[in-house]
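Working through the structure, step by step
Each chain is listed here by its residues.
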There are 2 protein chains.
Amino acid sequence: MTGTTLDDYTDRYARRVRGMTASEIRALFAVASRPEVVSLAGGAPYIAALPLDAVGEMLGRLAADHGHTTLQYGIGQGTLELRERICEVMSLSGIDVGCGASPEDVVVTVGGQQALDLVARLFLDPGDVVFAEGPTYVGALGVLQAAQAQVVHVPMDAEGLIPEALEAAIADAARAGRRVKFLYTIPTYQNPTGVTLTEERRERVLDICERAGLLVVEDDPYGQLGFAGDAPAPLRARRRDGVFYLSTFSKTFAPGLRVGWILAPHAVRDKLVIASEAQILCPSAYAQAAVTTYLSTMPWREQLKVYREVYRERRDAMLDALGDLMPEGTTWTEPDGGLFVWATLPDGLDSKAMMPRAIAARVAYVPGTGFYANGSGAGNIRLNFSFPPPERIREGVRRLAGVMEQEIAMRRVFGPVAGQAAGRRRGQAAADVPGPDLA
Amino acid sequence: MTGTTLDDYTDRYARRVRGMTASEIRALFAVASRPEVVSLAGGAPYIAALPLDAVGEMLGRLAADHGHTTLQYGIGQGTLELRERICEVMSLSGIDVGCGASPEDVVVTVGGQQALDLVARLFLDPGDVVFAEGPTYVGALGVLQAAQAQVVHVPMDAEGLIPEALEAAIADAARAGRRVKFLYTIPTYQNPTGVTLTEERRERVLDICERAGLLVVEDDPYGQLGFAGDAPAPLRARRRDGVFYLSTFSKTFAPGLRVGWILAPHAVRDKLVIASEAQILCPSAYAQAAVTTYLSTMPWREQLKVYREVYRERRDAMLDALGDLMPEGTTWTEPDGGLFVWATLPDGLDSKAMMPRAIAARVAYVPGTGFYANGSGAGNIRLNFSFPPPERIREGVRRLAGVMEQEIAMRRVFGPVAGQAAGRRRGQAAADVPGPDLA
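Summarised in this report is the structure supplied together with it. Everything quoted here is computed from the prediction, not taken from an experiment. (Residues numbered from 1 in each chain as written. Chains lettered and ligands numbered in written order. Predicted model: local features only at pLDDT ≥ 70, side-chain atom pairs only at ≥ 80, totals over all residues. Heavy atoms only, no water.)

**Examining the interface of chain A and chain B**
The condition that has to hold: Note on contacts: a residue pair is in contact if any heavy atoms of the two residues lie within 4.5 Å. Put simply, buried area is how much 1.4 Å-probe accessible surface two parts lose in total, over both of them, once they are put together. Salt bridge, as used here, is a side-chain nitrogen of Lys or Arg placed within 4 Å of a carboxyl oxygen of Asp or Glu. Identification of polar contacts relies on pairs of N or O atoms within 3.5 Å, with a donor-acceptor requirement for protein atoms, meaning one able to donate a hydrogen and the other able to accept it, and with residues adjacent in sequence counted only if both atoms are side-chain atoms. By the convention adopted, Pro, Cys, Tyr, Trp, Phe, Met, Ile, Leu, Val and Ala count as nonpolar, Lys, Arg, Asp and Glu as charged, and the other residues, Gly among them, as polar.
Facing 90 residues of chain A, the contacting portion of chain B comprises 90 residues. Where chain A abuts chain B, roughly 7100 Å² becomes buried across the two surfaces, and 60% of that area is made up of carbon and sulfur atoms. Taken together, the links from chain A to chain B amount to 2 salt bridges. The salt bridge partner of R121(B) is D117(A), with a shortest N-O separation of 2.8 Å. Inspection of the region where chain A meets chain B yields 24 residue pairs in polar contact (both at pLDDT 80 or more). For the side of chain A that touches chain B, the residue count by class is 51 nonpolar, 22 polar and 17 charged.

**Quick word on the packing of helix α3 (residues 52-70) of chain B against helix α10 (residues 285-297) of chain B**
Residue and element names in this part refer to chain B. Stated precisely, the cut-off is as follows: Angles here are taken between N-to-C directions and fall from 0 to 180 degrees, while the axes themselves are lines fitted to C-alpha atoms, restricted in helices to the stretch in contact. Put simply, DSSP H or I for four residues or longer makes a helix, DSSP E for two residues or longer makes a strand, and each gets a number counted from the N terminus. Angles are sorted into four bins: roughly parallel if under 35 degrees, roughly antiparallel if over 145, roughly perpendicular if 65 to 115, and oblique for all others. It is the rotation of the near helix from the far one that decides the hand of a crossing: anticlockwise by less than a right angle makes it left-handed, clockwise makes it right-handed.
Packing of α3 against α10 brings their axes to within 10 Å, and their N-to-C directions diverge by 130 degrees. Comparing the axis directions of α3 and α10 gives the class oblique. As for how α3 packs across α10, the hand of that crossing is right-handed. Judged by residue contacts, M58, L59, G60, L62, A63, T69 and T70 of α3 engage A285, Y286, A289, A290, T293 and Y294 from α10. Of the residues contributing to the contact of α3 with α10, the split by class is 9 nonpolar, 4 polar and no charged.

**Things to note about empty space enclosed by the protein**
Which entries qualify depends on this criterion: Cavity and pocket criteria rest on a 1 Å grid covering protein atoms alone: a 1.4 Å probe that fits but cannot get out defines a cavity, protein on both sides within 12 Å along at least 5 of 7 lines defines an open pocket, and an atom within 4 Å of a point defines a lining residue. Grid points are joined across faces, edges and corners, and a volume is the space filled by probe spheres set on the points.
The tally for this structure, following the rule as stated, stands at 4 cavities of 30 Å³ or more. What the largest cavity holds in volume is close to 180 Å³. In terms of lining residues, the largest cavity is bounded by 21 residues, among which L257(A), S284(A), A287(A), L257(B) and S284(B) are the most central. When residues in the lining of the largest cavity are grouped by element, the largest group, 3 residues, is from helix α10 (residues 285-297) of chain A.

**A closer look at the packing of aromatic side chains**
Put simply, the rule is: Working definition: rings of Phe, Tyr and Trp (its six-membered ring) pair if their centres are within 6.5 Å, and the pair is stacked with planes under 30 degrees apart, edge-to-face with planes over 60 apart, and tilted otherwise. Categorising residues by exposure relies on relative accessible area from a 1.4 Å probe, with only protein chains included: less than 20% of the type maximum marks a residue as buried, more than 50% marks it as exposed, and the intermediate range marks it as partly exposed.
A complete count under the given rule lists 18 aromatic pairs over all chains for this structure. For the pair Y222(B) and F340(B), a centre-to-centre distance of 6.2 Å together with 90 degrees between the ring planes defines the contact as edge-to-face. Here Y222(B), found in the loop between β7 (215-219) and β8 (243-248), pairs with F340(B), found in strand β11 (residues 340-344); they are 118 residues apart in sequence, far enough to count as distant. What makes F340(B) buried here is its relative accessible area of 2%. Aromatic ring contacts, followed pair by pair, group F123(A), F182(A) and F244(A) into a single cluster.

**Description of the state of the cysteines**
All names here are of chain A. Our working rule: For this text, the term disulfide refers to a pair of cysteine sulfurs within 2.5 Å.
All chains considered together, the criterion is met by 0 disulfides over all chains. Cysteine C99 shares no disulfide, and the gap to the nearest cysteine sulfur, in C87, comes to 9.8 Å. Judged by relative accessible area, C99 falls into the buried class, the value being 7%.

**Focus on the relation of the copies chain A and chain B**
Quick note on the threshold: The least-squares superposition of copies is restricted to C-alpha atoms, and to residues with a pLDDT of at least 70 in both copies.
For the pair chain A and chain B, the superposition axis carries a translation of 0.0 Å, the fit reaches an RMSD of 0.0 Å, and the rotation angle comes to 180 degrees. Viewed as a symmetry operation, the transformation between the two copies matches a two-fold axis. Within chain A, G60(A) has its C-alpha nearest the rotation axis, a separation of 1.9 Å. Mapped onto chain B, 100% of the interface residues of chain A are again interface residues, and the two copies thus contact each other with one and the same surface.

**Here's the deal with the packing of helix α5 (residues 111-123) of chain A against helix α9 (residues 266-280) of chain B**
When two helices pack together, their arrangement is given by the angle between their axes and by how far apart the axes lie. Two elements in contact, α5(A) and α9(B), have axes separated by 6 Å at closest approach and are oriented at 95 degrees. Judged on the interaxial angle alone, α9(B) and α5(A) are roughly perpendicular. Residues Q113(A), Q114(A), D117(A) and R121(A) of α5(A) form the contact with α9(B), whose participating residues are E277(B), A278(B), Q279(B) and I280(B). When its residues are assigned to classes, the contact of α5(A) with α9(B) shows 2 nonpolar, 3 polar and 3 charged.

Rendered as structure tokens:
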């Protein structure tokens, strides 16, 4: 026997995918998409804010007039036209020729997800350590766990990633003899916290990584969705070397086209292209033409302002509702941009255990545990404000507050439920003692 | 130091991507796309045969009328609507409910490339052996080499994969103590040879794999592009278990949308979805809606006939031109469908070494070496007939024949060039001695 049975194979697959994100969130979204449920769970942009008729006309012409190229195969790196436009977009954030940004070093990807997956594919061997904020983007955990990397969370506060904690994590890894491949970070309007790494900390984090010879993978899907003026310049705008910059048009145009990109160090750009060709052959020529034409012929800077304005209003609605309605002991972040608020529940509440009751009360959120690789986050929830309109946000927060009040009352009468308490204790332990991931 | 410098990293990447297909073909296509060159090198469908105005109108409406879903995020597995249509398409080839095909077990992918990549991602550990026809699809080699698998080619003849050679390869691998993960095969109108596995051999190959406990990954992008009635039913139509069926709309509709699929054994379908989510989050909702609407509202069966008729005419033009113009000693396959003819050059000619002279004579092809993992194929070329019109095909073959005559004349005067001869010898050695890959 040179092969094995399908059962053997299934066991093998099970081993290979065990680490992957088990999309609790996917199951959750199925429930949350029922119309009677106020979903604060998603991360979807408010597509209705787009001029859909004009976009439709543009997309139709792309096939009718240019179908011989837009419906055909393209090249693995993506079209030069789109890569030039991408450089224009990045220059708004200060990533420009001055810091070595060039269309030559841009690789077009299937959304931001493939961007990170390609970097992981090139870098990671099983057992490698990757640093990431704690909490971090659930899809990044999916990529990193699929690559069999170990994610070590570096704690954050209201100013973002804590530089001292990063230094400590580097020292811990060195002591444990572990190989750290890169820092994955979302410095601006982070998912899930909405927190932005301050100007001063950006320099410190870069210095620390430079000293440690640690590459930085900067994920910046939200940077252009600020409500209070410009965000601090991206890390890539400050350093020519050692930073991979990933972004996407999913939040600034439309996620349904799946167009993202990597600005890569020149030395590895070609390897990323080869890796992408092995994965998807080439990105969609049609989707690329759609984004290129959108950026060339439509008022995309004004559309950014529209998105910002819609989201700012909804962020305000959410913060007001939280302030008015949340039970005592609840705290939350106050983001200056992006799509999310991160709330910390009153002591003793378990966000995952509470989910069924929240769904019964017709409100959905994402439990904090989804954003940690180590079981932390039971005391947290992520709330989205980009998709539901202001009055639905307030209604959702009202329902959620009701569920939380009931939970608190039940705890007073019956004490903590065994499972919940254990879950919470694990979460707290991991959060209180930085670095136990390497134990 | 817990990390390393960018130079160290670059060395590391180099190691990790060394196996990947170094897209000689990509560089080649850049040259071949110059208008004065007759390119027989590509694998592109003839998009101009589509009713582009009607397709454009449909695509425009998808955004204008349904943008709130088509431009939004979707789910990892792909929409149920599209998966239902895909089952309808597969039922034309005999893959239907009778053999357990269900929308539940379909996973929508970014073209056929991601389909194979996902299977590889679940199955393959570095050093695993995968069997594939010799020659095989260059993009499959890219996936398998990126997964650090070892491809062992199983020889073909005019009736497809040779069952006895497959048995021998299985026995060789067993003797060498190598772990074989699956057989990757394109049984119908194969790329690059155009050869179709006969009815009788399909059963034998399936029996052999079943006995050996070897999974089959059946890639079928061309099955519906037959010129002489229906092809033998796919392997998946004959076996409910143990066969992954991969296909794509790239050849039957349009590659620019990048929509393909896997029909997976139920036991692993969910794991493929999780792997795909880690890679791309979800396939494009817009591209999926485009294909769904195309299959629901447009005469796609008639369009298939149009493609078949165009390609049959071009295949005829190519076979006629080859018969009229090729130097003595040249042989070629006579495909009943698909996009390609595979030619064997007169003894002593080297298809790769001859390329610069062919380009100078304004004709392009793909050297056979691109379709082998082991250096074979120097005596072969792949010729595409789907894209250039008949008169260009004849002109291309005429130019190619001229280059070959010159090569033959030069060889008569000067003898074989050292580099060429060595390359050819390596290729022959690998082809003549089945199984040396495991040595």
